[in-house]
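Residue-level structural notes
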Amino acid sequence: MHVHAKGPSDATTSRVLRISLVVTLAYIALLVVAGIRAHSLALLSEAGYNLSDFFALLLSWGAVYLQGRSPDARKTFGYHRAGVLAAFINGLTLILISFYIWYEAFKRLLNPVDVHAGWMIWVAAAGVIMNGGIALLLMRGRRDINMRSAIVHEIGDTLSTAAVIVGGVAIIFTGQRWIDPALSVGIGVMILWSSIGIIRESLNILLEGIPRGMELQGIETTIREIPGVNEVHDLHVWSIGSDTHSLSCHVGIADMRASECEALLRQIREELASRFHIHHTTIQFEYAMCDAAAGCVIPASPGHEHTHEH
């Protein structure tokens with residue numbers, strides 16, 4: 001049974017997430033107050049985006065804690081999927097928030113209201129500093145899909161608050177009231193875009209698809225090319241967590257001694273670990289008739305030579 005100990009990286013990430021939660025919650029309160037006083041839908045949209053950030057950080061923090069727990073008799077793989085599930089939920093909430101922002105922006109475009117651009121600029125500037133700082137801190141920790149989803153939240157929020165600053169300046173110089181809801185539409189587009197990749201990758205892991213960047217044919221070819229392997233079938237590759245991959249397969253071999261089987265098994269595992277970062281494998285050996293004419297090779301142990309004629 002593989003035991004996942006909570007290391008320094010996990011502890012640092014957990015501390016950064018706790019600090020980020022407190023700072024984000026304070027900024028949400030500031031955005032709501034400023035948005036109401038300034039009559040700015042863009043600021044209120046930012047409050048909604050930051051609320052999603054808050055829940056994203058909360059889920060990520062909980063997932064980091066769960067991922068640090070050791071496997072047990074009921075959860076034999078541990079809690080790696082907790083982070084993937086958190087990322088998936090984060091992606092879904094982002095989609096819902098983006099559609100709500102578009103709905104409110106459409107109402108504002110039909111019935112524009114005056115906004116206080118000065119409030120927009122100063123509050124958004126504070127947001128750029130806060131979200132940018134949180135994103136930089138998170139980048140120094142773990143980089144699995146759970147943390148990437150939280151980082152995407154923060155980077156997206158940093159860019160959207162920067163857009164609010166530009167919009168505030170534009171309102172001051174032009175006086176056009178449609179700029180505020182138009183900014184909200186743009187923020188909604190950014191939120192939706194940021195969620196697509198997170199949902200796609202997390203759903204692939206939850207449905208036990210082949211890990212991103214891997215090809216089943218390439219893995220099969222690698223195993224087949226190892227001397228002593230005659231055939232490979234029932235090959236399955238999936239992810240337990242975003243950075244923890246597993247493989248199971250049946251490998252056909254010639255009639256050989258147990259010590260030779262052990263050496264062959266070790267070679268297959270080392271090749272899978274070095275080339276594909278697959279460290280959890282279940283490989284079943286089966287007897288397969290060796291055809292020398294087809295290039296079949298029986299690996300020879302030290303001091304022994306094996307030949308096989310068909």
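In this numbering scheme, every chain counts its residues from 1 along its sequence in written order. Reporting in this predicted model follows two pLDDT cut-offs: at least 70 for local features of residues, and 80 or more for side-chain atom pairs to be given and counted; totals over whole chains, interfaces and linings ignore these cut-offs and use all residues. Calculation of side-chain values draws on the structure's entire complement of heavy atoms; hydrogens and water are dropped beforehand.

On to the overall build of the chain, then. Put simply, DSSP H or I for four residues or longer makes a helix, DSSP E for two residues or longer makes a strand, and each gets a number counted from the N terminus. If you tally the helices and strands in the chain, you get eight helices and three strands. Reading the chain from its N end, one meets helices and strands in the order α-α-α-α-α-α-α-β-β-α-β. Working definition: with a 1.4 Å probe on protein chains only, accessible area under 20% of the residue-type maximum means buried, over 50% means exposed, and in between means partly exposed. Scored against the burial criterion, the 310 residues of the chain give a buried share of 47%. By the convention used here, residues are in contact when the closest approach between their heavy atoms is within 4.5 Å. Counting only contacts in the chain whose residues sit at least 6 apart along the sequence, the fraction spanning at least 24 positions is 74%. Values of accessible area rely on a 1.4 Å probe in the Shrake-Rupley scheme; residue burial ignores everything except the protein chains shown. Total accessible area on the chain stands at roughly 15,900 Å², and carbon and sulfur atoms take up 64% of it.

Turning to the nonpolar core, a few remarks are in order. Residues belong to a common nonpolar core when they are buried Ala, Val, Leu, Ile, Met, Phe, Trp, Tyr or Cys residues joined through side-chain atoms within 4.5 Å. One finds L43, M120, L138, V164 and I191 to be the most contacted residues of the largest nonpolar core, which totals 35 residues. Mapped onto this core, the elements with two or more residues apiece are α1 (8-38), α2 (41-67), α3 (81-110), α4 (117-139), α5 (145-174) and α6 (179-206). Here this core takes eight residues from α1, the largest share from any one element. Each residue touching I191, except ones within four places of it in the same chain, is listed here: Y49, L94, I97, S98 and I101.

This part takes up the side chain of S20. Mapped onto the fold, S20 is located in helix α1. Taking relative accessible area as the criterion, S20 reaches 1% and is therefore assigned buried.

It is worth spelling out the sheet that holds strand β2 (residues 244-253) at this point. The strands making up a sheet associate through backbone hydrogen bonding, with each pair oriented either parallel or antiparallel. Pairing between strands requires that DSSP locate at least two bridges from one strand to the other. Sheet architecture is open: three strands sit in the order β1-β2-β3, paired in mixed fashion. Strands at the two margins of the open sheet, each flanked by one partner only, are β1 (229-241) and β3 (278-287). With strand direction ignored, the average angle separating the axes of adjacent strands in the sheet is 15 degrees. Pairing analysis gives nine bridges linking β2 to β3, with the strands arranged parallel. The residue of β3 that forms the bridge with L247 is T281. Geometry is summarised by axes, namely lines fitted to C-alpha atoms with helices restricted to the contacting stretch, and by angles between N-to-C directions that run from 0 to 180 degrees.

This part takes up α6. Here α6 is 28 residues long and its end C-alpha atoms lie 41 Å apart, about the 40 Å a rise of 1.5 Å per residue gives. Downstream of α6 by a residue or two, E208 has a phi angle that is positive, lying close to 60 degrees. In a helix, the anticipated span is given by 1.5 Å times the number of residues less one.

This part covers the pairing of β1. Successive residues of a regular strand alternate their side chains across the two faces of the sheet. Bridge count between β1 and β2: nine bridges; the pairing is antiparallel. Across the sheet, the residue bridging to W238 is S246, located in β2. If you look at the hairpin formed by β1 and β2, you'll find two residues sitting between the two strands.

Another aspect to go through is the packing of helix α7 (residues 216-224) against helix α8 (residues 258-276). Viewed as axis vectors pointing N to C, α7 and α8 meet at an angle of 140 degrees, and their least axial separation amounts to 10 Å. Pair α7 / α8 crosses with right-handed handedness. Taken together, the residues of α8 that come into contact with α7 (itself represented by G218, I219, T222 and I223) are I268, E271, L272, R275 and F276. Only Asp, Glu, Lys and Arg are considered charged, only Ala, Val, Leu, Ile, Met, Phe, Trp, Tyr, Cys and Pro nonpolar, and every remaining residue, Gly among them, polar. Its residues placed into classes, the contact of α7 with α8 shows five nonpolar, two polar and two charged. In a left-handed crossing the near helix is turned counterclockwise from the far helix by less than a right angle, and in a right-handed crossing that turn is clockwise.

All right, on to the pattern of salt bridges then. Here, a salt bridge means any Lys or Arg side-chain nitrogen found within 4 Å of an Asp or Glu carboxyl oxygen. A full pass over the atoms with the stated rule returns seven salt bridges. With its nearest N and O atoms 3.2 Å apart, the salt bridge here joins E201 to R212. Taken together, the positions of E201 in helix α6 and R212 in the loop between α6 and α7 put the pair eleven residues apart, joining distant regions of the chain. On the basis of relative accessibility, which here comes to 63%, the residue R212 falls in the exposed class.

So, about unusual backbone geometry. With a phi angle near 55 degrees, H39 is a residue other than glycine that sits in the positive phi range. Examined against the element boundaries, H39 turns out to sit in the loop between α1 and α2. Despite not being glycine, E208 has its phi angle at roughly 60 degrees, a positive value.

One confidence number per residue, pLDDT, is output by the predictor and ranges from 0 to 100. On average, residues of the chain score 80 in pLDDT, and 87% of them reach the 70 mark or higher. Averaged pLDDT values for the elements of the chain fall to 76 in α2 and rise to 94 in α7. In the model, residues 1-8 has pLDDT below 50 throughout and makes 17 contacts with residues more than four positions away in sequence or in other chains. Note on residues 301-310: pLDDT is under 50 here. Beyond four places in sequence and across chains, it has 16 contacts.

Turning our eyes to something else, we now look at the packing of α3 against α6. In the contact formed by α3 and α6, the axes pass within 7 Å of each other and the chain directions differ by 155 degrees. Regarding the angle of α3 to α6, the classification is roughly antiparallel. Two packed elements cross with a definite hand, and for α3 against α6 that hand is left-handed. When the residues that make up the contact of α3 with α6 are grouped by side-chain class, the tally is 22 nonpolar, seven polar and three charged. Comment on the angle field: the value is read as roughly parallel under 35 degrees, roughly antiparallel over 145, roughly perpendicular from 65 to 115, and oblique elsewhere.

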